[in-house]
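The residues making up each chain are set out below.
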Amino acid sequence: MIGAWLVLALAAAVAWGTADFLAGLAARRLPLLIVLFGVQAIGSAIVLPLWVAWSGERRLPGLAVAAGFAMVAGLAALYRGLARGPVSVVAPVAALGGAVPVGIGVLAGESLAGEHLLGVLMGLVGLSLVTWERDRDRVSPRGQSTLSALAHGLAAALALGLAVSLLGLAGEGEPLGAVVAARATAVLLLGTVVAGWLRRNGDWSLLRNGALAVAAAGILDVAATVSFALAAERGPLGPSGLVASLYPASTVLLGVVVLGERLSVLRWAGIGLILAGVALLRGAG
């Protein structure tokens, strides 16, 4: 019989992957800043009441503010990369951000587990296969080369991995407060920029073009977080994290089905190795 934790972890993976895809899709129609602000604002509107209702201390860790800046930078690179494609390169590469907390831990004196080392090696081999094209200047229909997609994915991985590390440090004793502080920072930063853009542009009708995709991405992002939290509560944390870390598979499959991306055998193999590496990085130890 399939455990409830496994269903919840799979639901988190599908929701996270779909949220990324929808945000990237919306960024094809809307300015990137609008998409970033919309996703974060919707998520904050859902998370804030939960924090007020359930948190005892209601303390906002200062370090989470830095995590908010890193999160904005990482999501900007991710959504821009997904908007320009190919999704099959950007999504799995960005997921390698799980190596960043591992690297920070090693620099802080922690020992490197064998599973983590294997995960890094598998990710590197997968990267080489995903980006191996007969024509290295091959471009996607949106005009982005494979190497440009790789650059966006790596930038997202580094920034989002740093955000996760900072949230981990800030969230000791108050994890929900750290998430609220990071999201609030992102909303205030992006809201200020977006307000200025709207005053200069004045074309509010533009917001209707991708509003539904932005709203769905924001809701799915929070739903995935809640689903994963429930999975970790009802089952083992390590396996729950391993299953949830496979979320890029949803993004890639949507790229194939919805956008008609064609993947070579080498790219499929590379994606598989990257996902396996991500699972080891996030599920080990």
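Whatever comes next refers back to the structure up there.
Heads up: these notes are all about the structure in this document. (Residues numbered from 1 in each chain as written. Predicted model: local features only at pLDDT ≥ 70, side-chain atom pairs only at ≥ 80, totals over all residues. Heavy atoms only, no water.)

1. Some points on the overall build of the protein chain
Part 1: Helix and strand content of the protein chain: 12 helices and zero strands.
Part 2: Order of helices (α) and strands (β) in the protein chain, N terminus to C terminus: α-α-α-α-α-α-α-α-α-α-α-α.
Part 3: Taking all 285 residues of the protein chain together, 47% fall into the buried category.
Part 4: A sequence separation of at least 24 residues applies to 87% of the contacts in the protein chain between residues at least 6 apart.
Part 5: For the protein chain, the exposed surface amounts to about 13,500 Å²; the carbon and sulfur share of it is 69%. (Helix = DSSP H or I, 4+ residues; strand = E, 2+ residues; numbered from the N terminus. Buried < 20%, exposed > 50% of the residue type's maximum accessible area, 1.4 Å probe, protein only. Contact = heavy atoms within 4.5 Å. Areas by Shrake-Rupley, 256 points an atom, 1.4 Å probe, with all protein chains shown as cover.)

2. What about the environment of Trp51?
Part 1: Following the sequence through the fold, Trp51 ends up in helix α2 (residues 32–54).
Part 2: In this structure the C-alpha to C-alpha distance between Trp51 and Val180, which are 129 residues apart in sequence, comes to 7.4 Å.

3. Topic: the nonpolar core
Part 1: Counting 52 residues, the largest nonpolar core has Val35, Val39, Leu78, Tyr79 and Ile274 as its most contacted members.
Part 2: Per-element accounting of this core gives the leading share, 11 residues, to helix α3 (residues 63–84).
Part 3: In this view, Val35 contacts Ala23, Ala26, Ala27, Leu30, Tyr79 and Val214; residues no more than four positions away in its chain are not counted. (Core = buried A, V, L, I, M, F, W, Y, C linked by side-chain atoms within 4.5 Å.)

4. A word on the pattern of salt bridges
Part 1: This structure, assessed with the given rule, holds one salt bridge.
Part 2: For Asp221, the salt bridge identified is with Arg183, shortest N-O distance 2.5 Å. In this pair, Asp221 sits in helix α9 (residues 211–234) while Arg183 sits in helix α8 (residues 175–201), placing the two residues 38 residues apart along the sequence.
Part 3: Judged by relative accessible area, Asp221 falls into the buried class, the value being 16%.
Part 4: By relative accessible area, which is 8% here, Arg183 ends up buried. (Salt bridge = Lys/Arg side-chain N within 4 Å of Asp/Glu carboxyl O.)

5. Topic: a nonpolar patch on the surface
Part 1: On the surface, a nonpolar cluster with roughly 480 Å² of combined accessible area is contributed by Val106, Leu112, Leu117, Val120, Leu121 and Leu124.
Part 2: Counting residues per element, the nonpolar patch draws most heavily on helix α6 (residues 114–130), at four residues.
Part 3: Along the chain, Leu112 falls in the loop between α5 (99–107) and α6.
Part 4: On the basis of relative accessibility, which here comes to 41%, the residue Leu112 falls in the partly exposed class. (Patch = residues over 30% accessible without salt bridge, like charges linked within 9 Å, V, L, I, M, F, W, Y side chains within 5 Å.)

6. Points about the packing of α3 against helix α7 (residues 146–170)
Part 1: Two elements in contact, α3 and α7, have axes separated by 8 Å at closest approach and are oriented at 155°. With respect to α7, the axis of α3 lies roughly antiparallel. In terms of crossing hand, the pair formed by α3 and α7 is left-handed.
Part 2: Taken together, the residues that form the contact of α3 with α7 break down as 20 nonpolar, three polar and two charged. (Axes fitted to C-alpha atoms, helices over the stretch in contact; angles between N-to-C directions. Parallel < 35°, antiparallel > 145°, perpendicular 65-115°, else oblique. Left-handed = near helix turned anticlockwise from the far one by under 90°. Nonpolar A, V, L, I, M, F, W, Y, C, P; charged D, E, K, R; others polar.)

7. Here we look at the packing of aromatic side chains
Part 1: Taken as a whole and judged by the stated rule, the model has two aromatic pairs.
Part 2: A centroid spacing of 6.1 Å and a plane angle of 45° characterise the contact between Trp16 and Phe228, whose relative ring orientation is tilted. With Trp16 in helix α1 (residues 4–26) and Phe228 in helix α9, this residue pair connects regions lying 212 residues apart in the sequence.
Part 3: On the basis of relative accessibility, which here comes to 23%, the residue Phe228 falls in the partly exposed class.
Part 4: Joined through ring pairs, the aromatic side chains of Trp16, Phe228 and Tyr247 make up one cluster. (Phe/Tyr/Trp six-rings, centres within 6.5 Å; stacked < 30°, edge-to-face > 60°.)

8. Considerations on the packing of α1 against helix α11 (residues 248–259)
Part 1: At their nearest, the axes of α1 and α11 sit 8 Å apart, and the two run at 50° to each other. Between α1 and α11, the crossing angle belongs to the class labelled oblique. In the crossing of α1 with α11, the sense of the turn from one axis to the other is right-handed. Seen from α1, the contacting residues are Ala13, Val14, Gly17, Thr18, Asp20, Phe21 and Leu25; seen from α11, they are Ser250, Thr251, Leu254, Gly255, Val258 and Leu259.
Part 2: For the contact of α1 with α11, the class distribution of residues is seven nonpolar, five polar and one charged.

9. A closer look at α3
Part 1: Look at α3: 32 Å from first C-alpha to last across 22 residues, which is about the 32 Å you get at 1.5 Å a residue.
Part 2: The positive-phi residue at the C-terminal boundary of α3 is Gly85, with phi of around 75°. (Expected span 1.5 Å × (residues − 1).)

10. Some thoughts on the environment of Val125
Part 1: With respect to the helices, strands and loops of the structure, Val125 is situated in helix α6.
Part 2: Taking the C-alpha atoms as reference, Val125 lies 7.9 Å from Ile274; in sequence the two are 149 residues apart.

11. Side note on the side chain of Thr251
Part 1: Structurally, the position occupied by Thr251 is in helix α11.
Part 2: Contact partners of Thr251, with chain neighbours within four places excluded, come to Gly17, Asp20, Phe21, Leu82, Val87 and Ala91.

12. Here's the deal with the environment of Leu230
Part 1: As for its placement among the helices and strands, Leu230 is situated in helix α9.
Part 2: Taking the C-alpha atoms as reference points, Leu230 and Trp5, separated by 225 residues in sequence, lie 7.3 Å from one another.

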